[in-house]
Amino acid sequence: MRNGIAVANMAKARAKPKLPAPRRLPRGRHALAPEEVLRDQRERLLAAVPGVVTERGYEAMSVADIVKAAAVSRNAFYKNFSDKQGCFATAHDVGHERLFDVLVQPCDAEATIEGRVERSLSAGLDALASEPDVARLLFVEAPSAGEGIALRYHEWLRRYGTLLRSAAPDLPPQSIPAPEVEAVIVGGIASRVASEVLHGRAAKLSELTTPLVEYVLAFYRFSEPGPKEGKLVAFERDQYEGQEPPEAQRRQASA
């Protein structure tokens, strides 16, 4: 029985997907300057973090895991980062910087607010869907990876919220969501992305584009609140013409 379990476990281990092998520097002598070597090693370490954290989780992930996945030495790791948290925090910021750049890509000057929101969200969700490990790092692992990283995560959400203003340059200020509401909007989107990732649907994030566009647009005021012309229902005075209103009649009857 034990042998059977062992064989089954070995089969599972073999079936487990491997992280893609990172690009290595050429062996032997090369013309790269020391700073170029260090930069290359840093980039490989950062590129390795999303896959490692997806496989291991932030708490279980170790420096040894990152070093192995990046194919660099432990010494090279400590030349770039002081510890696991520092490496993860940098990978987190790099991931958000890349996503932010995708979201702020230029839009046609004639585009409507609906068009701007749809284009931005579609591009962002497509980018996350193409890199599920990065999506997990940014929206699942980061919020619980320690207070410092959690604060950075919420600062990035605040930055994303500012994009809601640039999506509607022609609307008056009172028609655009307030900063406090921006946080609610972006927090809702981040929560939905995290949920999809946790349910194994990161690769299908693009399918959220339409409902999330509707969600975002619901927070803009495209017109003044209140009754609109032609929508008022006239009070039918003749129904009680010549007699007291029903409420007054009831009070009189109970007296």
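For the structure itself, look to the data block above.
Just so we're clear, the structure is a prediction, and the values are computed from it rather than from any experiment.

Tell me about helix α9 (residues 179-198), residues and numbers included.
Working note: α-helix, 3.6 residues per turn, so residues spaced by three or four point in the same direction. An ideal rise of 1.5 Å per residue puts 28 Å on 20 residues; α9 measures up with 28 Å between its terminal C-alpha atoms. Residues of α9 that are buried: E182, I185, V186, I189, A190, V193, A194, E196 and V197. With its buried residues spanning 170 degrees around the axis, α9 presents them on a single face. Facing away from the buried side of α9 by more than 90 degrees, the exposed set consists of E180 and L198. Taken together, the buried residues of α9 touch α6 (113-130), α7 (132-141), α8 (147-166) and α10 (209-217). A positive backbone phi angle near 75 degrees is found at G200, which sits one or two residues after α9.

Now, about the packing of helix α5 (residues 84-103) against α6: what can you tell me, with residues and values included?
Running from N to C, α5 and α6 point in directions that differ by 145 degrees, and their axes come no closer than 8 Å. Where α5 crosses over α6, the handedness of that crossing is right-handed. For the pair formed by α5 and α6, the contact residues are L99, V102 and L103 on the first element and S120, A123, G124, A127 and L128 on the second.

Could you give an account of helix α2 (residues 34-56), naming the residues involved and the relevant values?
Between the first and last C-alpha of α2 there are 32 Å, a value that for 23 residues agrees with the 33 Å anticipated at 1.5 Å per step. Most pronounced at V49, the bend in α2 amounts to some 30 degrees, and the proline P50 follows within four residues. Every buried residue of α2 is accounted for by V37, D40, Q41, R44, L45, L46, A48, V49, P50, G51, V52 and V53. Where the residues of α2 are buried, they touch α3 (63-70), α4 (74-80), α5 and α7.

Kindly report on the pattern of salt bridges, identifying the contributing residues and their values.
On inspection of all chains with the given rule, the structure shows nine salt bridges. Here R136 and E141 are joined by a salt bridge, their closest N and O atoms 3.2 Å apart. A relative accessible area of 9% means that E141 is categorised as buried. R201 is paired through a salt bridge with E196; the nearest N and O atoms lie 2.9 Å apart. E196 gets classed as buried once you look at its relative accessible area, which sits at 6%. Among the charged side chains, a network of salt bridges with common partners joins R192, E196 and R201.

Describe the nonpolar core, with residues and values.
In this structure, F88, F139, Y160 and Y220 are the most contacted members of the largest nonpolar core, which totals 62 residues. With sequence-adjacent residues up to four places away left out, Y160 is seen in contact with H96, L99, F100, L103 and V186.

Go over the side chain of S120 with me, naming the residues and quoting the values.
Tracing the sequence through the fold places S120 in helix α6. Here S120 falls in the buried class, since its relative accessible area comes to 18%. A polar side-chain atom of S120 sits 2.9 Å from the main-chain carbonyl oxygen of L103.

How would you sum up the side chain of H96? Please name residues and give values.
Looking at the element boundaries, H96 is found in helix α5. When its relative accessible area of 0% is taken as the criterion, H96 is described as buried. Residues contacting H96, with those up to four places away along its chain left out, are L138, F139, Y153, W156 and Y160.

What counts, and where the lines are drawn
Per chain, the residues get numbers from 1 upward, laid out in the order the sequence is written. The predicted nature of this model means local features are confined to residues of pLDDT at least 70 and side-chain atom pairs, given and counted, to a pLDDT of 80 or more, with totals for whole chains, interfaces and linings taken over all residues. Water and hydrogen atoms were dropped before computing side-chain values, which therefore reflect all heavy atoms in the structure. Helix and strand assignments follow DSSP, with helices taken as H or I runs no shorter than four residues and strands as E runs no shorter than two, numbered in order from the N terminus. What a helix should span is 1.5 Å times the count of its residues minus one. Under the scheme applied here, a residue whose accessible area is under 20% of the maximum for its type counts as buried, over 50% as exposed, and between as partly exposed, the area being computed with a 1.4 Å probe on protein chains only. This arc describes the spread of directions from the helix axis toward the C-beta atoms. Note on contacts: a residue pair is in contact if any heavy atoms of the two residues lie within 4.5 Å. A fitted line through C-alpha atoms represents every axis, and for helices the fit uses only the stretch in contact; the resulting angles, taken between N-to-C directions, go from 0 to 180 degrees. The handedness criterion is simple: a crossing whose near helix is rotated anticlockwise from the far helix by less than a right angle is left-handed, and one whose near helix is rotated clockwise is right-handed. Fitting axes to the seven residues that end at a residue and to the seven that start at it, the angle between those axes gives the bend at that residue. Here, a salt bridge means any Lys or Arg side-chain nitrogen found within 4 Å of an Asp or Glu carboxyl oxygen. Nine residue types can take part in a nonpolar core, namely buried Ala, Val, Leu, Ile, Met, Phe, Trp, Tyr and Cys, and a core is a set of them joined through side-chain atoms within 4.5 Å. The definition of a polar contact used here is a pair of N or O atoms within 3.5 Å, where within protein one atom must be able to donate a hydrogen and the other to accept one, and adjacent residues in sequence count solely through side-chain atom pairs.

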